[in-house]
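Listed below are the residues making up each chain.
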Amino acid sequence: MLGKLSTCSHLNGKLEAKIYSIPIKAKESKTITVELYACAMLLVAGATMYYFCNGYLIPINVSDSVTMGLSSDYRSITVSNTTEASNYFLSIVAFSDISYTIS
């Protein structure tokens, strides 16, 4: 069955998402730091998926190959590839107009 995407005329606002994808090599870590933790984003690397919203890092699917952790100030997420030989892409879908850095 095919679905149909429709718009609702009674809703006002703007839906905006930004998608980013960066490689994470074996035994490498990346840190995503947001300007304000009052934002929402989906983070996916390998089979690991987390949702970050308002300073909470919520696991959706967790695997041993990629781990994610949140800093004590709720603004930095560290993504670590724990495998010896596998490379992954870290994909981020940001659901709000936020400023963040990846290092």
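Everything numeric in this text was worked out from a predicted model, so none of it was measured. (Residues numbered from 1 in each chain as written. Predicted model: local features only at pLDDT ≥ 70, side-chain atom pairs only at ≥ 80, totals over all residues. Heavy atoms only, no water.)

*Asks:* It is not clear to me how the overall build of the chain should be interpreted in this structure. Could you clarify?
*Replies:* Check the secondary structure of the chain and you find zero helices and nine strands. Moving toward the C terminus, one meets the helices and strands of the chain in the order β-β-β-β-β-β-β-β-β. If you take every contact in the chain between residues at least 6 apart in sequence, the share linking residues at least 24 apart comes to 57%. With an accessible surface of roughly 7,000 Å², the chain has 56% of that area assigned to carbon and sulfur atoms. (Helix = DSSP H or I, 4+ residues; strand = E, 2+ residues; numbered from the N terminus. Contact = heavy atoms within 4.5 Å. Areas by Shrake-Rupley, 256 points an atom, 1.4 Å probe, with all protein chains shown as cover.)

*Asks:* I keep staring at the environment of Glu28 and nothing clicks. Help me out?
*Replies:* Of note, Glu28 is situated in the loop between β1 (18–24) and β2 (29–34). In this structure, Glu28 is in contact with Pro23, Val79, Ser80 and Asn81, ignoring residues within four places of it in sequence.

*Asks:* What exactly am I supposed to notice about the confidence of the model for the chain here?
*Replies:* The pLDDT averaged across the chain works out to 84; a share of 83% of its residues lies at or above 70. Of the regions scoring below 50 in pLDDT, residues 1–11 engages in zero contacts with residues more than four places distant in sequence or in other chains. (pLDDT = per-residue confidence, 0-100.)

*Asks:* Please explain the sheet that holds strand β7 (residues 76–81) as it appears in this structure.
*Replies:* Within a sheet, adjacent strands bond to each other through the backbone by hydrogen bonds, running parallel or antiparallel. Taken in spatial order, the four strands of this open sheet run β6-β7-β2-β9, and their pairing is antiparallel. The open sheet has two edge strands, β6 (66–70) and β9 (100–102), and neither has a second partner. For this sheet, the mean inter-axis angle between neighbouring strands, taken without regard to orientation, is 15°. In terms of strand pairing, β2 meets β9 through three bridges, oriented antiparallel. (Pairing = 2+ DSSP bridges. Axes fitted to C-alpha atoms, helices over the stretch in contact; angles between N-to-C directions.)

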